[in-house]
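This is what each chain is made of:
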Amino acid sequence: MRYLSTRGEAAQLGFDEVLLAGLAADGGLYAPLAYPHIAPSDIAALAGLPYAEAAARLIAPYLSDSFPLEILREETEAAYAAFRHRAIAPLVQIADNLFVLELFHGPTLAFKDLAMQLLGRMMNHVLEKRNLRATIVGATSGDTGAAAIEAFKGLDRVDVFILFPHGRVSDVQRRQMTTVADENVHTIALQGSFDDAQAILKRLFRAADFRSRVGLAGVNSINWARVVAQTVYYFTSAVALGAPHRHISFAVPTGNFGDVLAGYVAKHMGLPVERLIVATNANDILARALASGRYEPRGVTPTQSPSMDIQLSSNFERLLFDACARDPAVVRAAFASLDQSGAFEIPAPALAAIRAEFEGQAVGEAETTEEIARTYREAGYVLDPHTATGVRAARGRLARDPATPVVALSTAHPAKFPDAIERAIGLRAKLPENIAAQLDAPERFTILENNDAQIAAFIAERARAARN
Ligand SMILES: *Cc1c(COP(=O)(O)O)cnc(C)c1O
């Protein structure tokens, strides 16, 4: 498979280059030249397969020659071997035609593990083939950093550096990052805010010398390999509910638009998806854009679902690209307008195309708490606050279309957000035992000033890529 940039001014690349590059050189995102078609009989044949095998079959058409199917199978098996549930992504029914897809059985209790565990192994494989090393640098307000560390720890070809704002992440989130003992993992407690950490990261990526010296690679949610890995659970859950003979809708707690974009890609690969419901919290740029056609970021409001507290949904660019018949001039104009005047209007035909597949629903703080309480009362099931926004939006959809099953994606384990759960139902959610034990290990992190040069020097001294 070859990939092109949504802005149309960067070279087409193969999968391996896209995997390492992250963002395209023209500032765009990479999209496959065409979505591979999975025939209905091949979708039906996924029924009952181990998750890792389904993943290998669905991901294979996106890759290049450096990943023969038997190598890919080894990678998917290794990626999902340590998950705490044998089904990897099990479904739980909580009401008539309403299902929760549990995506939190990985090492950091959030859905990002499903893609990141595979991404780490794929990157290591490509680097080995090319006899290269890479350095992953990430900024995190919590979940992404932990998922990246768990995915890249111990890998021979990669060093990982994660910046988090000192004193401003939760105790569980910090321990998830700092109790990992592997020598290729480096955690930096930045004396600054998350925005400071992200700004440093952006400048490091723009510093061409530094970038090539340490072989800087990106793992944030615009990395195409993450999107592809996330298509798998749309297929496995839909098949469990009767696809390809039956249509299914999905409700997805959304931040950067990576997870719900994977549902859209699954649909365009041939999965019979009825509707994709974009659930947001009070940070509702996507719900507003779908309703009004105007894409306009506002300030971020902190909520009890922090992983959805975003201003800009980066992966929306890929949807816009398709919706305007892949005309990169339209995408360039939209993002130029965003830079210059802080917003863009989605062209009318593109908006109509998007609305034919997606609907948006913003869920406020009080509604989120109410939903956690309601689902616990009616089904005895504890939702985390991110998942609660999805379940709330799913109920809205079911009221209008009761005949089509809705799968609400559960993106985090409730024990990651014990205060929100306690507020809603008066109980404290418990961490799984192996996780609780791991978090008691000694912590290891370095406190650094909010200073680019110091941080660049810290990384260059420790990155093995810089030595050869
Ligand atoms: C990252 C994250 C999300 C948002 O996913 P996107 O792909 O960024 O839309 C939702 N919930 C949780 C728990 C997350 O960690």
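Rules behind the numbers
- Residues numbered from 1 in each chain as written.
- Predicted model: local features only at pLDDT ≥ 70, side-chain atom pairs only at ≥ 80, totals over all residues.
- Heavy atoms only, no water.
- Helix = DSSP H or I, 4+ residues; strand = E, 2+ residues; numbered from the N terminus.
- Rg over C-alpha atoms; globule rule 2.2 N^0.38 Å.
- Buried < 20%, exposed > 50% of the residue type's maximum accessible area, 1.4 Å probe, protein only.
- Contact = heavy atoms within 4.5 Å.
- Areas by Shrake-Rupley, 256 points an atom, 1.4 Å probe, with all protein chains shown as cover.
- Lys, Arg positive; Asp, Glu negative; His and termini not counted.
- Charge placed at Lys NZ, Arg CZ, Asp CG, Glu CD.
- Pairing = 2+ DSSP bridges.
- Axes fitted to C-alpha atoms, helices over the stretch in contact; angles between N-to-C directions.
- UniProt positions renumbered as here; feature names shortened; annotations may be inferred.
- Left-handed = near helix turned anticlockwise from the far one by under 90°.
- Nonpolar A, V, L, I, M, F, W, Y, C, P; charged D, E, K, R; others polar.
- Salt bridge = Lys/Arg side-chain N within 4 Å of Asp/Glu carboxyl O.
- Near = heavy atom within 4 Å.
- Polar contact = N/O pair within 3.5 Å; in protein donor to acceptor, adjacent residues only side chain to side chain.
- Expected span 1.5 Å × (residues − 1).

Draft legend 1. Structural context of the overall build of the chain. Regarding its fold elements, the chain presents 20 helices and 16 strands. Computed over the C-alpha atoms, the radius of gyration of the chain is 21 Å, within 12% of the 23 Å expected from 2.2 N^0.38 for a compact globule of 468 residues. Along the longest, intermediate and shortest principal axes, the C-alpha atoms of the chain span 60 × 50 × 50 Å. Out of the 468 residues in the chain, the part that is buried amounts to 58%. Sequence separation of 24 or more characterises 75% of the internal contacts of the chain that already satisfy a separation of 6 or more. In the structure as shown, the chain presents an accessible area of about 17900 Å², 50% of it carried by carbon and sulfur atoms. If you average the places of the 46 positive and of the 52 negative side-chain charges in the chain, the two averages end up 1 Å apart.

Draft legend 2. Up close: the sheet that holds strand β5 (residues 98-102). As summarised here, the arrangement of the 6 strands in space is β4-β5-β15-β10-β11-β14, forming an open sheet in which the pairing is mixed. Bordering the open sheet on either side are β4 (91-95) and β14 (358-362), each of which pairs with just one other strand. Mean inter-strand twist for the sheet, computed between neighbouring axes without regard to direction, equals 25°. Alignment of strand β10 (residues 248-253) against strand β15 (residues 406-410), held across 3 bridges, turns out to be parallel. Among the inter-strand pairings, F250 is bridged to a residue of β15, identified as V407. Most of the contacts of helix α11 (residues 258-268) go to strand β11 (residues 273-280), to which it runs at about 170°, and overall it touches β10, β11, β14 and β15.

Draft legend 3. Up close: the UniProt feature "domain: Threonine synthase N-terminal" (unreviewed entry) in the chain. The feature "domain: Threonine synthase N-terminal" (unreviewed entry), as given by UniProt, occupies residues 2-80 in the numbering adopted here. From the first C-alpha to the last, residues 2-80 spans 27 Å; its make-up is 42% helix and 11% strand.

Draft legend 4. View of the packing of helix α10 (residues 224-240) against α11. Between α10 and α11, whose axes approach to 8 Å, the crossing angle comes to 65°. Between α10 and α11 lies a crossing of right-handed hand. From α10, W224, V227, Q230, T231, Y233, Y234 and F235 reach across to α11, where they touch G258, D259, V260, L261, A262, G263, V265 and A266. Looking at the contact of α10 with α11, its residues break down into 10 nonpolar, 4 polar and 1 charged.

Draft legend 5. Local environment of the sheet that holds strand β1 (residues 2-5). Pairing within the open sheet is antiparallel, and its 3 strands lie in the order β2-β1-β3. Both outer strands of the open sheet, β2 (13-14) and β3 (30-32), are each paired with one neighbouring strand and no more.

Draft legend 6. Quick peek at the pattern of salt bridges. Taken as a whole, this structure holds 31 salt bridges when the rule is applied. R7 is the partner of E317 in a salt bridge, and the nearest nitrogen-oxygen pair spans 2.8 Å. Separated by 310 residues along the polypeptide, E317 in helix α13 (residues 316-323) and R7 in the loop between β1 and β2 bring together distant segments of the chain. R7 sits in the buried class, given a relative accessible area of 16%. Measuring nitrogen to oxygen at the nearest pair gives 3.6 Å for the salt bridge that ties R175 to D171. With R175 and D171 both in helix α7 (residues 171-178) and 4 residues apart, this pair spans about one turn of that helix. Among the ionic contacts, a cluster of salt bridges with common partners joins R275, E359, R397, R400 and D401.

Draft legend 7. Looking closely at the site of the ligand. K112, G255, N256, D259 and T411 are the nearest of the 15 residues found near the ligand. G258 places a polar main-chain atom, nitrogen or oxygen, 3.2 Å from an oxygen atom of the ligand. One of the side-chain nitrogen or oxygen atoms of S307 is found 3.5 Å away from an oxygen atom of the ligand. Out of a free accessible area of 380 Å², the ligand has 97% covered by protein chains.

Draft legend 8. Spotlight on helix α16 (residues 365-379). Compared with the 21 Å implied by 1.5 Å per residue over 15 residues, the 21 Å span of α16 between its first and last C-alpha is a close match. Where α16 is buried, its residues meet β4, α17 (385-400) and α18 (418-425). Downstream of α16 by a residue or two, G380 has a phi angle that is positive, lying close to 65°.

Draft legend 9. Just the pairing of β1, in detail. Residues of β1 alternate between two faces, with Y3 and S5 buried on one and R2 and L4 left unburied on the opposite face. Relative to β2, β1 is paired through 2 bridges, and the arrangement is antiparallel. Its bridge partner being in β2, R2 is matched across the sheet by G14.

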